[in-house]
Amino acid sequence: MWPVTKCNWRFVVSGAGGGGNDVQWCFSQVKGAIDDDVAEADIISTVEFNHSGELLATGDKGGRVVIFQQETENKSQSQFRSEYNVYSTFQSHEPEFDYLKSLEIEEKINKIRWLPQKNAAQFLLSTNDKTIKLWKISERDKRPEGYNLKEEDGRYRDAATITTLRVPVFRPMDLMVEASPRRVFANAHTYHINSISVNSDNETYLSADDLRINLWHLEITDRSFNIVDIKPANMEELTEVITAAEFHPHQCNTFVYSSSKGTIRLCDMRASALCDKHSKLFEEPEDPSNRSFFSEIISSISDVKFSHNGRYMMTRDYLSVKIWDLNMENRPVETYQVHEYLRSKLCSLYENDCIFDKFECCWNGNDSVVMTGSYNNFFRMLDRSQRRDVTLEASRESCKPRQVLKPRRVCAGGKRKKDEISVDSLDFNKKILHTAWHPQENIIAVATTNNLYIFQEKVN
Amino acid sequence: MDVEAKRIMALSISKLYSLRTQRGGLRLHRSLLLSMTVRAARDIYHTAQLLRDAEEEQVVPCAPEAAPEEPMEISKDTPKEVAVKPKETLQEDKENRCASEQHSRKRRGKTALEADFLPLKKAKMETDEEKQHFQGEVLRTNNGNSCRQTETLTSFPSNRAVVAC
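Just so it is clear, the structure is predicted and the values come from calculations on it, not from any experiment. (Residues numbered from 1 in each chain as written. Chains lettered and ligands numbered in written order. Predicted model: local features only at pLDDT ≥ 70, side-chain atom pairs only at ≥ 80, totals over all residues. Heavy atoms only, no water.)

A.B. asks: Sorry if this is basic, but what is going on with the pattern of salt bridges here?
C.D. replies: Oppositely charged side chains can form a pair if their charged atoms are brought close together. Taken as a whole and judged by the stated rule, the model has 35 salt bridges over all chains. Each of the salt bridges in this network shares a partner with another, and the network as a whole consists of A:Glu104, A:Glu106, A:Glu107, A:Asp129, B:Arg23 and B:Arg27. (Salt bridge = Lys/Arg side-chain N within 4 Å of Asp/Glu carboxyl O.)

Okay, here's the thing in structure tokens:
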């Protein structure tokens, strides 16, 4: 055992950008209605870039998926920024009713995951609480014309009027993007699906609910393999649930799942068919000085994400983000406080249900910076390499094109400085739960309640 | 301390009840977290009650409250009304009367032996044991002689809610 010093890096809030390698973020676009009156169906529930970053998908509470496409602008003109415009919109899931249990199944899209592109078409998986669907998004920019038996509008011609034969030809048409459901993976989950993750083998994927994780083959819809089952024989003995799961980015046999108790289990599918026994258990001992009524709730992990290089994973609980080295199980290698000033407000946050909010987190392309959301439409960028962190805001007030985002500060107590906002002034209805980072560039998508903000790195 | 615990218990129970009517079916994760909070609050409340009863029985020098206090923030939004219907409470109470009396006697005995524990530590220990007889628990403020139903927290159907899922 080597001597270990506890290395929780707590960062000083950085100043306004500064020189060197600091990235300055600018407003690029905002999508969605401007009304303050938010229609429930428009609430964004998931955001995901595809593997190239060219496409950006959002899912909402109304069961719709909207895909934006990055325009291929002339890159030589540095002032021009590639904008994201609507590419396709479709209704992925509809509300359903389970007659046996007298339960309504919400159409809200919980997660979207893109498949790596294999041909001209794009594929994504979208899921609600019970059913996963594989959607094919394809472009049509030409159509056949000159049929012998049909008119141009589709009506059949009277055979007697046909005197000549011609070969139908393809003629260009306005681009049409079609989304069609290719597979429906249903009836495999008793509890609510919280995660889906595509395997690096590009053939299988996992879906996780509160108590079970199933492994599917993308081609086969009528069966799935149960690989994790933590349901106790007696439900009264239930102490924890699965909150998120993800496949390793390179090792097709490895996946992790997080729990409501703040633990992460890494499983190897080669070890056994049923991965109830973990290969590694990642758990940090609780700090007894922080114990309260709500310790259980705030230690519940809301998201787990592998780094792109596959060496680390990141977890998000209510107040912090932790980076774990896959080779070290007893504690994270880095811990970042997202909004520590909320620790003394847990009782109010319990009353208004905010304590149950499930924040997501994401890595940038080279795993040097992580990002997560907070309240008051704030989001946090945590730079691992530079040991700096910054709080930014997604607001309609900073919506001028290429306007640089100003760092925000929250005053935890005592005298409020100029430009600081006090904790009691924070709007807890304005929460950023879903964020995504372009896989290669410094472009981020941040979802407020019903708007999607796109920010880009400032280009000089 | 016990006032706060009682308030959190009532709040949690009302949240558990409202979960049942929420669209999309019962959320297992949320139910679990809520029931854990109720348990933690109930244990603190119960322990505080027993301590108070013990003090009343004999003259004991006052010990300072050991548990760290959660500063009570008054939120701007009014908390949801407790959805517990008095009728329902009464019926459930009648069902569980026998089991609970036995149970509370048992708890009393144990507590008398361990007078100098930290409330939180005790709460954790009791949680593990109580998992075995989770149904039919009733928190009482007296020996069951009072008719004040409002102060009696009946066995909330959190486990039933979980099982039904």
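A.B. asks: So what exactly am I meant to see when it comes to the environment of A:His339 here?
C.D. replies: Residues and elements named next belong to chain A. Positionally, His-339 belongs in the loop between β23 (334-337) and α2 (346-351). On the accessibility criterion, His-339 (0% relative accessible area) is buried. For the pair His-339 and Arg-265, spaced 74 residues apart in the sequence, the C-alpha separation amounts to 26 Å. Leaving out residues up to four positions away in the same chain, His-339 has contacts with Arg-316, Tyr-318, Leu-319, Phe-359, Ser-374 and Tyr-375. (Helix = DSSP H or I, 4+ residues; strand = E, 2+ residues; numbered from the N terminus. Buried < 20%, exposed > 50% of the residue type's maximum accessible area, 1.4 Å probe, protein only. Contact = heavy atoms within 4.5 Å.)

A.B. asks: Is there a simple way to explain the sheet that holds strand β8 (residues 111-114) of chain A in this structure?
C.D. replies: In any sheet, the strands associate via hydrogen bonds between backbone groups, in a parallel or an antiparallel arrangement. Residues and elements named next belong to chain A. Across the sheet, which stays open at both edges, the four strands sit in the order β8-β9-β10-β11 with antiparallel pairing between neighbours. Pairing within the sheet leaves two strands with one partner each, and these edge strands are β8 and β11 (169-185). On average, adjacent strands in this sheet sit at an angle of 25° to one another, irrespective of strand direction. The pairing of β8 with strand β9 (residues 122-127) spans four bridges and is antiparallel. (Pairing = 2+ DSSP bridges. Axes fitted to C-alpha atoms, helices over the stretch in contact; angles between N-to-C directions.)

A.B. asks: It is not clear to me how the sheet that holds strand β12 (residues 195-198) of chain A should be interpreted in this structure. Could you clarify?
C.D. replies: All names here are of chain A. Ordered in space as β12-β13-β14-β15, the four strands form an open sheet in which the pairing is antiparallel. At either margin of the open sheet sits one strand with a lone partner, and together these are β12 and β15 (220-229). Across this sheet, the average inter-strand angle for adjacent strands is 25°, counted without regard to direction. One ladder, built from five bridges, connects strand β13 (residues 204-208) with strand β14 (residues 212-217); its direction is antiparallel. Paired with Ser-207 across the strands is Asn-214, a residue of β14.

A.B. asks: Mind showing me how you'd approach helix α2 (residues 28-57) of chain B here?
C.D. replies: Note that an α-helix has 3.6 residues per turn; residues three or four places apart therefore point the same way. An ideal rise of 1.5 Å per residue puts 44 Å on 30 residues; α2(B) measures up with 42 Å between its terminal C-alpha atoms. Of all 30 residues that make up α2(B), 22 are buried, and the element is covered over most of its length. (Expected span 1.5 Å × (residues − 1).)

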